[in-house]
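Architecture and fold: a report
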Amino acid sequence: MAAPVDLELKKAFTELQAKVIDTQQKVKLADIQIEQLNRTKKHAHLTDTEIMTLVDETNMYEGVGRMVCIQFTKSLQTQIAFHSFILQSKEVIHNQLLEKQKIAEEKIKDLEQKKSYLERSVKEAEDNIREMLMARRAQ
């Protein structure tokens, strides 16, 4: 009867090892995403702080992309890139930056909860294996 228990323990340890590795990767990815979101949030906050010091009538432009024009001549082809901007009011830019900070904060909160869940699930798996070992020793 000892052989099935050993196989059961071996299987449980193998599954735990796979789960721990997978969880470590997911936690590392979540940490990287949280770090990036914190940078985004900080950038939006600093930008907002700066534009709020300007007078309300200040013209502000929002970048909306890039346009590429290709020019052909007999012997060569050239590409010219233009950055495109649109005129926005200070209030619109301010609201966009606040929304950006809010979205980043919500995503950070979600990622923190995900990390917590992953860490708890690994701890529960470890506890289950400990209980199996204790039950085996008690036999």
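Small disclaimer: the values here were computed from a predicted structure and weren't measured.

1. Side note on the overall build of the chain
- The helix and strand inventory of the chain stands at two helices and two strands.
- Reading the chain from its N end, one meets helices and strands in the order α-β-β-α.
- On C-alpha atoms alone, the chain measures out to a radius of gyration of 28 Å, which is more than a quarter above the 14 Å that the 2.2 N^0.38 rule sets for 139 residues.
- Taking the principal axes of the C-alpha coordinates as reference, the chain spans close to 85 × 50 × 15 Å.
- Evaluated residue by residue, the chain yields a buried proportion of 20% over its 139 residues.
- Put simply, of all contacts in the chain between residues at least 6 apart along the chain, 69% involve residues at least 24 apart.
- Charge centroids of the chain, computed over 22 positive and 22 negative side chains, lie 6 Å from each other.

2. Observations regarding the side chain of Gln101
- In this structure, Gln101 sits in helix H2 (residues 90–138).
- For Gln101, the contacting residues outside a window of four places in its chain are Lys41, Ala44, His45 and Asp48.

3. Looking at the pattern of salt bridges
- Following the criterion strictly, the structure yields seven salt bridges and no others.
- With its nearest N and O atoms 3.3 Å apart, the salt bridge here joins Lys26 to Asp22. Of this pair, Lys26 and Asp22 both sit in helix H1 (residues 2–52), four residues apart, roughly one helical turn.
- Linking Lys41 and Glu105 is a salt bridge whose minimum nitrogen-to-oxygen distance equals 2.4 Å. Note that Lys41 is positioned in helix H1 and Glu105 in helix H2, a separation of 64 residues in sequence.
- A single salt-bridge network, built from bridges that share partners, covers Lys123, Asp127 and Arg130.

4. Remarks on the nonpolar core
- One finds Ala30, Ile34, Leu37, Ala104, Ile108 and Leu111 forming the largest nonpolar core, which totals six residues.
- Where this core is concerned, the elements lending two or more residues are H1 and H2.

5. Side note on the environment of Asp127
- Within the secondary structure, Asp127 is located in helix H2.
- Judged by its relative accessible area of 27%, Asp127 falls in the partly exposed class.
- Once the C-alpha coordinates of Asp127 and Leu54 are considered, the two residues, 73 residues apart in sequence, prove to be 58 Å apart.

What counts, and at which threshold
Counting starts from 1 at the beginning of each chain's written sequence and moves along it residue by residue. Local features in this predicted model are restricted to residues whose pLDDT is 70 or higher, and side-chain atom pairs enter the listing and the counts only when it is 80 or higher, whereas totals over whole chains, interfaces and linings include all residues. To get the side-chain values, all heavy atoms of the structure are used, and hydrogens and water are removed first. Only DSSP runs of H or I with at least four residues qualify as helices, and only runs of E with at least two residues qualify as strands; both kinds are numbered from the N terminus onward. Note on method: radius of gyration uses C-alpha positions; expected globular size equals 2.2 Å times residues raised to 0.38. Any residue under 20% of the maximum accessible area for its type is buried, any over 50% is exposed, and the rest in between are partly exposed; the area is computed with a 1.4 Å probe on protein chains only. For this analysis, residues touch if any pair of their heavy atoms sits within 4.5 Å. We treat Lys and Arg as the positive residues and Asp and Glu as the negative residues; His and chain ends play no part in the count. Here the site of a charge means atom NZ of a Lys, CZ of an Arg, CG of an Asp or CD of a Glu. Salt bridges are defined as contacts in which a side-chain nitrogen from Lys or Arg sits within 4 Å of a carboxyl oxygen from Asp or Glu. Here, the term nonpolar core denotes a set of buried Ala, Val, Leu, Ile, Met, Phe, Trp, Tyr and Cys residues that are joined through side-chain atoms within 4.5 Å.

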